Amino acid sequence: LQRDDKSFLYLAITSEDFPKPVFMRGLDLERLGIDPFSPHLSLKAGRKFKVIYGPYTSGHSLKLALDLIRKSIPWSTCEPPSVTGKTNSCFYRHLGQCPGVCTGEISKREYGRIIRQLMLFFEGKKERVVRQMKREMQMAAKHLEFERAADLKRKIFALTHIQDVALVKHDEPLPYVRLSREYVDIMGRIEGYDISNISGTSAVGSMVVFENGKPNKSEYRKFKIKTVIGANDFAMMEEVLRRRLVRAARQEKSWPLPELMVIDGGKGQVGRVQQVLDELGLKVPIVGLAKGYDRKQDVLVLDESNKELKRAATTNKEVLQRVRDESHRFAVSYHRKLRGKRSLFDPRA
């Protein structure tokens, strides 16, 4: 709830000739005029940072992971001789964890390759970094640069034994902000929708809300289906989303639009929701979850051309499944309540 004077920790890569990874609190970003929860970051932010990853709920885990990664992907926190006027080696240069920015041993281009590898790692693309290093190791051996090849082999071994992105706990989502495009913040407001009915009777819809990866039950909403006759899940889903989104389009102080909508269903349901969004001129990413015979077989239904949405949904599939399961539970609970009331007045119900 951020009731103390702290806020979540972010990892930012600075925009300099020799970029540095730096830790930033959410409050620090806000003081710089950067809203860490907004996909629309200012040009001022783009000039200061290449990319911002986070938020991370465990700052200790993030710092520990960064220290471990540095043994395989060494970066620099020092300034080049052109700034300091000196060529003295820093402490980390002696440890092999600085590539030599302080001594002028590395060019901006070569150092840029190291920073790109670091960014790939925090985007969950560790295997791609390992493949690049293996190619470099093979080229070094081919040119009889055996010392460099041995050094790369050691770094590859260390990197392959680091658990994925920041050694954070399994239940901690890891969205990130890239300044050049929109992103999906899994820690933001996620809404889940489901329909429950028996042969079209006592049909209801549910809306559940997750924030910071957890249910916010005070934001849950229930819908009685009013306009659809018979068993038509597609039309029922359209009615629920239309009623919900019309409020957002017409009333400024209505329920806020979510970062992402999770629909319990496949292409039919997702297609109907997208039609409503298009009609109202609203842009909200949608992910459908079509049930398989077990949780591993659940199919993600989304816009395949949206690479950021695909990344966020694939990386955080378990989070989306929890949202879907909760929307299903809430819809079934409301449906049973309505059926119970109906049966009191109609013995045939």
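Conventions we followed
Residues numbered from 1 in each chain as written. Predicted model: local features only at pLDDT ≥ 70, side-chain atom pairs only at ≥ 80, totals over all residues. Heavy atoms only, no water. Phe/Tyr/Trp six-rings, centres within 6.5 Å; stacked < 30°, edge-to-face > 60°. Buried < 20%, exposed > 50% of the residue type's maximum accessible area, 1.4 Å probe, protein only. Helix = DSSP H or I, 4+ residues; strand = E, 2+ residues; numbered from the N terminus. Lys NZ or Arg CZ within 6 Å of the ring centre and 35° of its normal. Salt bridge = Lys/Arg side-chain N within 4 Å of Asp/Glu carboxyl O. Polar contact = N/O pair within 3.5 Å; in protein donor to acceptor, adjacent residues only side chain to side chain. Contact = heavy atoms within 4.5 Å. Patch = residues over 30% accessible without salt bridge, like charges linked within 9 Å, V, L, I, M, F, W, Y side chains within 5 Å. Areas by Shrake-Rupley, 256 points an atom, 1.4 Å probe, with all protein chains shown as cover. Pairing = 2+ DSSP bridges. Right-handed = clockwise from strand over helix to strand, strands pointing away.

**Quick word on the packing of aromatic side chains**
The tally for this structure, following the rule as stated, stands at 4 aromatic pairs. On the numbers, 5.4 Å between centres and 75° between planes, the contact of phenylalanine 91 with tyrosine 92 is edge-to-face. Judged by relative accessible area, phenylalanine 91 falls into the exposed class, the value being 57%. We classify tyrosine 92 as partly exposed; its relative accessible area is 33%. A centroid spacing of 6.5 Å and a plane angle of 80° characterise the contact between phenylalanine 223 and tryptophan 255, whose relative ring orientation is edge-to-face. Residue phenylalanine 223 is located in strand β8 (residues 221-224), and its partner tryptophan 255 is located in the loop between α9 (233-250) and β9 (260-264); the two are separated by 32 residues in the primary sequence. The ring of tyrosine 92 is capped by arginine 70, whose NZ or CZ atom sits 4.1 Å from the centre of that ring.

**Observations regarding the environment of glycine 124**
With respect to the secondary-structure elements, glycine 124 resides in the loop between α6 (108-122) and α7 (126-142). A sequence separation of 187 residues divides glycine 124 from arginine 311, and the C-alpha atoms of the two residues are 9.3 Å apart.

**Considerations on the pattern of salt bridges**
Side chains that differ in sign of charge can pair as their charged atoms come close. Summed over all chains, the structure comprises 18 salt bridges. The residue arginine 243 makes a salt bridge to glutamate 239 at a minimum N-O spacing of 2.8 Å. Linking arginine 243 with glutamate 239, this pair stays in helix α9, spanning 4 residues, or about one helical turn. With relative accessibility at 27%, the residue arginine 243 sits in the partly exposed group. Under the relative-accessibility criterion, glutamate 239 is labelled buried at 7%.

**Notes on the side chain of glutamine 269**
Considering the arrangement of structural elements, one finds glutamine 269 in helix α10 (residues 267-280). A residue is classified by how much of its surface remains accessible, and glutamine 269, at 11% relative accessible area, is buried. Polar side-chain contacts of glutamine 269 include one of 3.1 Å to the backbone nitrogen of glycine 266.

**Comments concerning the side chain of threonine 103**
If you trace the backbone, threonine 103 turns up in the loop between α5 (91-94) and α6. In this structure threonine 103 comes out as buried when scored by relative accessible area, which is 17%. Of the polar contacts made by the side chain of threonine 103, one reaches the side chain of glutamate 105; its length is 2.4 Å. Among all residues touching threonine 103, those that are not within four sequence positions of it are Pro81, Thr87, Asn88 and Ser89.

**Here we look at unusual backbone geometry**
Look at leucine 144: it is not a glycine, yet its phi comes out positive at around 65°. Mapped onto the elements of the fold, leucine 144 is located in the loop between α7 and α8 (146-160). Leucine 144 sits in the exposed class, given a relative accessible area of 61%.

**Section: a nonpolar patch on the surface**
On the surface, a cluster of nonpolar side chains totalling about 320 Å² of accessible area is made up of Phe91, Tyr92 and Leu95. Mapped onto the fold, phenylalanine 91 is located in helix α5.

**Details of the pairing of β9**
The buried fraction of β9 is high, at 5 of 5 residues. Here β9 runs beside strand β10 (residues 286-290); their pairing, made up of 4 bridges, is parallel. Bridge pairing in β10 places aspartate 264 opposite leucine 289. Following the backbone out of β9, through α10 and into the adjacent parallel β10, one traces a crossover that is right-handed.

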